[in-house]
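# Fold and contact review
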Amino acid sequence: CTGVPIEVGPLAARTDVSAGWSVHAAYDGRPVEVDYECLRWNDIVRANWSPEPLLFLDAWRSLIAYGRAGILSLGWRKAKLLVVASAMPVAVSTLFLAGYSLVLWAMIAAGGAIAAGQGWPAWTAWLPLVLLLGLPFAWRLIDRALPLNWLIRGMVFVSRARHGAHAAIEARCSAFADRIAAAAAEPGWDEVLIVGHSVGAQLATRALGKALARDPALG
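Remember, it's a predicted structure, so these values are computed and weren't measured experimentally. (Residues numbered from 1 in each chain as written. Predicted model: local features only at pLDDT ≥ 70, side-chain atom pairs only at ≥ 80, totals over all residues. Heavy atoms only, no water.)

## Describing the overall build of the chain
Looking only at helices and strands, one finds eight helices and four strands in the chain. Along the chain, from the amino end to the carboxyl end, the secondary structure elements read β-β-β-β-α-α-α-α-α-α-α-α. The C-alpha atoms of the chain give 26 Å as radius of gyration, which overshoots the globular expectation for 219 residues (17 Å, by more than 25%). Along the first, second and third principal axes, the C-alpha atoms of the chain reach 85 × 45 × 35 Å. Going through the 219 residues of the chain one by one, you find that 28% of them count as buried. Nonlocal contacts in the chain, meaning residues at least 24 apart in sequence, comprise 54% of its contacts between residues at least 6 apart. For the chain, the exposed area adds up to about 14500 Å²; of that, 66% sits on carbon and sulfur atoms. Charge centroids of the chain, computed over 19 positive and 16 negative side chains, lie 15 Å from each other. (Helix = DSSP H or I, 4+ residues; strand = E, 2+ residues; numbered from the N terminus. Rg over C-alpha atoms; globule rule 2.2 N^0.38 Å. Buried < 20%, exposed > 50% of the residue type's maximum accessible area, 1.4 Å probe, protein only. Contact = heavy atoms within 4.5 Å. Areas by Shrake-Rupley, 256 points an atom, 1.4 Å probe, with all protein chains shown as cover. Lys, Arg positive; Asp, Glu negative; His and termini not counted. Charge placed at Lys NZ, Arg CZ, Asp CG, Glu CD.)

## Description of the nonpolar core
With 24 residues, the main nonpolar core has Trp41, Phe157, Ile169, Val199 and Leu203 as its most contacted residues. At the level of elements, helix 1 (42-47), helix 2 (55-69), helix 6 (148-162), helix 7 (167-185) and helix 8 (199-214) are the ones that each hand at least two residues to this core. Phe56, Phe96, Trp139 and Leu148 belong to the second largest nonpolar core, which has six residues in total. (Core = buried A, V, L, I, M, F, W, Y, C linked by side-chain atoms within 4.5 Å.)

## Description of the layout of surface pockets
Size it by volume and the second largest pocket reaches roughly 160 Å³. Every residue along the wall of the second largest pocket is listed here: Ile180, Ala183, Ala184, Glu186, Trp189, Glu191, Val192, Ile194, Leu208, Leu212, Leu218 and Gly219. Mapped onto the lining of the second largest pocket, the elements with two or more residues apiece are helix 7 and helix 8. Broken down by element, the residue count for the lining of the second largest pocket peaks at three residues, all from helix 7. (1 Å grid on protein atoms, 1.4 Å probe; cavity = no way out; pocket = protein on both sides within 12 Å on 5 of 7 lines; lining within 4 Å. Points joined across faces, edges and corners; volume = space filled by probe spheres on them.)

## Examining helix 4 (residues 80-118)
Look at helix 4: 56 Å from first C-alpha to last across 39 residues, which is about the 57 Å you get at 1.5 Å a residue. Within helix 4, the axis deviates most sharply at Ala87, by approximately 35°, and proline Pro89 lies no more than four positions further along. Restricting attention to buried positions, one finds in helix 4 the residues Val83, Ser86, Pro89, Val90, Val92, Ser93, Phe96, Tyr100, Leu104, Ile108, Gly111 and Ala115. Positive phi appears at Gly119, one or two residues downstream of helix 4, with a value of about 75°. (Expected span 1.5 Å × (residues − 1). Bend = angle between axes of the 7 residues up to and from the residue.)

## A look at the pattern of salt bridges
The full count for this structure, using the stated rule, is nine salt bridges. With a shortest N-O distance of 2.6 Å, Glu37 and Arg179 are connected by a salt bridge. Placement of Glu37 in strand 4 (residues 30-39) and of Arg179 in helix 7 is noted, with a sequence separation of 142 residues between them. On the basis of relative accessible area, Arg179 is assigned to the buried category, the value being 17%. Lys210 serves as the salt-bridge partner of Glu170, at 3.0 Å between the closest nitrogen and oxygen. One end of the pair, Glu170, is in helix 7; the other, Lys210, is in helix 8, and 40 residues separate them in sequence. By relative accessible area, Glu170 is classed as partly exposed at 33%. (Salt bridge = Lys/Arg side-chain N within 4 Å of Asp/Glu carboxyl O.)

## A closer look at the packing of aromatic side chains
Here the structure, examined in full by the defined rule, presents six aromatic pairs. With a centroid separation of 5.0 Å and 70° between ring planes, the pair formed by Phe56 and Trp139 is classed as edge-to-face. Placement of Phe56 in helix 2 and of Trp139 in helix 5 (residues 135-145) is noted, with a sequence separation of 83 residues between them. The exposure class assigned to Trp139 is buried, which follows from its relative accessible area of 3%. An aromatic cluster of at least three residues, connected via ring pairs, comprises Phe56, Phe96, Tyr100 and Trp139. (Phe/Tyr/Trp six-rings, centres within 6.5 Å; stacked < 30°, edge-to-face > 60°.)

## Notes on the confidence of the model for the chain
Here the chain averages 88 in pLDDT, and 97% of its residues register 70 or above. Within the chain, strand 4 carries the highest mean pLDDT (93), whereas helix 6 carries the lowest (83). (pLDDT = per-residue confidence, 0-100.)

So, in structure tokens, the structure goes:
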């Protein structure tokens with residue numbers, strides 16, 4: 001939209017824990033270069049990915065852990081959206097299970113009445129139980145509209161990390177700290193900007209804290 005020609009370089013691995021690309025442009029005849037580097041920890045996330053059948057229980061466990069840790073009370077005072085986002089998986093999944101159970105119970109009751117009226121065997125009234133096989137598919141339809149599975153897994157990761165369940169996180173943040181320090185020491189750059197999103201913001205602050213502990217003059 002600015003009319004400035006921009007050249008985006010290819011994505012390439014930089015280190016064992018990072019990949020990046022460069023962007024070149026020229027504003028008013030002055031060359032500008034930005035180097036983007038993504039510090040990767042997706043392998044740790046995947047290794048700790050909660051299986052879908054456990055997500056309903058994990059949502060409750062994580063919300064309780066958030067409450068015990070004081071996250072919910074702090075969030076209510078500072079960022080109410082955090083509390084809403086944390087409670088949403090529990091609320092929606094509980095309502096979903098309750099609604100699905102009621103529908104199933106109603107169909108079994110109706111099946112019993114029909115079976116009795118038609119003189120069918122009593123076991124035919126329980127045929128609607130086959131709808132339990134459709135439970136995961138029905139939940140996935142809801143998850144398409146509201147990505148609750150992703151949110152639950154994020155909450156699980158945070159609550160477990162608080163208790164030191166992910167030792168790999170500390171080692172990875174130490175590696176990130178080394179990379180941050182190395183980037184800051186490279187000549188020719190005007191600034192080094194560290195960006196983290198969601199749980200990644202927690203890792204970014206932890207990694208930066210480690211980098212500053214090693215070199216208080218950093219930045």
